[in-house]
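Here are the chains, one letter per residue:
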Amino acid sequence: MPRMWAIVERELRRFRRSPVLIIVSLIFPIVQLVVLGYAFGGNVRHLKVGVVDQDHGVPAVRIRELCNAVAGGAQTFETIEYGDPGQALTDLRNGRINGVLTIPPEFSRRTLSNTAPHVALIEDNTDNFVAGTLAAAMGGLVSAYNQPAVEARRLAGQATLDVVEVYPYVPYVQYLLPGSIVMSIFMMVMIGGGIIFIDDKARGLHEGYLVTPITKLELIGGFNVSGTIKAVLPGLVLMTIGSLIAGIPNPFEPLRLLRLLLVIVVTAFALISLMFLLMVRVSDPLLPRAVFGVLNTLLYFPSGAVYPQQGFPGWMQVIAVADPFTYSVHAFKSLLLKNTGFAAIGGDLMYLVAFSVVAMTAATLLFRRTL
């Protein structure tokens, strides 16, 4: 352990002498946000909508049939039946579903008596793309419901849709903030972790470690810990400054800051572990510079940082499932835009920790104590 911390101290001292490196890692993510990629575009599909039927009358059944028709046809959303409205709202707040369609108890009676029947769409409006698509789809569904059948002998009361937004309006700059934080962490991981590691090998500094009794695990652990500490710094700075610029409500709430710090640390460790796994057998200093541009695009845009993943083609959604960016961005969105608790980000943290363990173990096994 002392030998590993010696590596950490050496890397941090070197990092302190590179102020340009710190500035670049903070500025470049902001520049990256203005670049539009393939992630922009596509129709948002396969949203998850919870249906709470408190009426169970014939008109309510008609609404549910129309929902199933949309799910089977345009596939804009998929329906999940809920018997408990409270559980549906809990899943909505924790990000498991995108909206809740509530059919009130008096819906059928109001429909048949033509006394302004209503259904309610409760939506997670922290994602404007998803909220707009869902509201439009539900509006079209209600319009279709209001069209009388050809054989209808009398016109039933027309239903209306009440859209209920769970959260205040979310400007797009707030929507982009989570991805910017992850990007700032990744930039430091690329520059302060991968490139410096390869440059040390190219200049022969790496050979000094190979003649010491330090183990492979201690060596990789030392590089990973020092890289994590360096990557946490820009993440914290951008999280703080970005929250103020974007106007995040109550950005310095103690519990929220504690959760954000935990996500930043876990994200930094996961990404630095990935970086050393990719660079552990690389010796050519030009190769990382060529790979990082592609890697940046491959990880950032499929994560849902700039556009919802429901609008991606199938192959891109497969990348998003394995992408550690996806889980970091989701965790930051839950904390910054919704101010949720650990229940909403527990799965994200578990994936990032498991990813870190797998990547670090693989990097240790692949590391060679030879030139």
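Residues numbered from 1 in each chain as written. Predicted model: local features only at pLDDT ≥ 70, side-chain atom pairs only at ≥ 80, totals over all residues. Heavy atoms only, no water.

Helix and strand counts for the protein come out as 14 helices and five strands. Restricting to contacts in the protein with at least 6 residues of sequence separation, those with at least 24 account for 81%. (Helix = DSSP H or I, 4+ residues; strand = E, 2+ residues; numbered from the N terminus. Contact = heavy atoms within 4.5 Å.)

The backbone phi angle of His56 is positive, close to 65°, even though this residue is not glycine. Relative to the helices and strands, His56 is located in the loop between strand 1 (47–53) and helix 3 (58–72). Using a relative accessible area of 57% as the deciding quantity, one classes His56 as exposed. (Buried < 20%, exposed > 50% of the residue type's maximum accessible area, 1.4 Å probe, protein only.)

Turning to the sheet that holds strand 5 (residues 160–165), a few remarks are in order. Sheet architecture is open: five strands sit in the order 2-1-3-4-5, paired in mixed fashion. Since the sheet does not close on itself, it has two edges, and those belong to strand 2 (77–82) and strand 5, each with one partner. Mean inter-strand twist for the sheet, computed between neighbouring axes without regard to direction, equals 25°. Relative to strand 3 (residues 99–103), strand 1 runs parallel, the two sharing five bridges. Each residue of the ladder has a partner; that of Val52, found in strand 3, is Thr102. Each of strand 1, strand 2, strand 3, strand 4 (118–123) and strand 5 touches helix 6 (residues 128–146); the most contacted strand, strand 4, lies at about 165° to it. (Pairing = 2+ DSSP bridges. Axes fitted to C-alpha atoms, helices over the stretch in contact; angles between N-to-C directions.)

Under the definition given, this model contains five aromatic pairs. Ring geometry for Tyr300 and Phe301: centres 5.1 Å apart, planes at 75°, overall edge-to-face. For the pair shown, Tyr300 and Phe301 are each scored as buried. Their ring planes at 25° and their centres at 3.9 Å tell us that Tyr327 and Tyr351 sit as a pair that is stacked. One end of the pair, Tyr327, is in helix 13 (residues 324–337); the other, Tyr351, is in helix 14 (residues 342–366), and 24 residues separate them in sequence. Residue class for Tyr327 comes out buried when judged on its relative accessible area of 17%. By way of ring pairs, the aromatic residues Tyr327, Tyr351 and Phe355 are connected into one cluster. One Lys or Arg, Arg259, reaches over the ring of Phe342 and ends 5.6 Å from the middle of that ring. (Phe/Tyr/Trp six-rings, centres within 6.5 Å; stacked < 30°, edge-to-face > 60°. Lys NZ or Arg CZ within 6 Å of the ring centre and 35° of its normal.)

This brings us to the pattern of salt bridges. In this structure the tally under the stated criterion is six salt bridges. One salt bridge connects Arg109 with Glu106, and the closest N-O pair in it is separated by 2.6 Å. Since its relative accessible area comes to 48%, Arg109 is described here as partly exposed. Salt bridges linked by common partners bring Asp53, Arg64 and Glu81 together as one network. (Salt bridge = Lys/Arg side-chain N within 4 Å of Asp/Glu carboxyl O.)

This paragraph deals with the environment of Glu218. Locating Glu218 in the fold gives a position in helix 9 (residues 216–246). Residues Glu218 and Thr364, 146 residues apart in the sequence, show an inter-C-alpha distance of 9.2 Å.

This part is about the packing of helix 10 (residues 254–279) against helix 14. Between helix 10 and helix 14, the shortest axis-to-axis distance is 8 Å and the interhelical angle comes to 25°. Of the possible angle classes, the one that applies to helix 10 and helix 14 is roughly parallel. Every pair of crossing elements has a handedness; the one defined by helix 10 and helix 14 is left-handed. In this structure, helix 10 uses Arg259, Leu262, Val263, Val266, Thr267, Phe269, Ala270, Ser273, Leu274, Phe276 and Leu277 to contact helix 14, whose residues at the interface are Phe342, Ile345, Leu349, Leu352, Val353, Phe355, Ser356, Ala359, Met360, Ala362, Ala363 and Leu366. Among the residues making up the contact of helix 10 with helix 14, the classes are represented as 19 nonpolar, three polar and one charged. (Parallel < 35°, antiparallel > 145°, perpendicular 65-115°, else oblique. Left-handed = near helix turned anticlockwise from the far one by under 90°. Nonpolar A, V, L, I, M, F, W, Y, C, P; charged D, E, K, R; others polar.)

In this model, the protein carries a mean pLDDT of 80, and residues with pLDDT of at least 70 account for 77%. For the protein, per-element mean pLDDT is lowest for helix 2 (residues 19–32), which scores 59, and highest for helix 13, which scores 92. In the predicted structure, residues 33–39 sits below a pLDDT of 50 and forms 14 contacts with residues beyond four places in sequence or in another chain. Low pLDDT, under 50, characterises residues 150–154; the predicted model gives this stretch one contact beyond four residues in sequence or across chains. (pLDDT = per-residue confidence, 0-100.)

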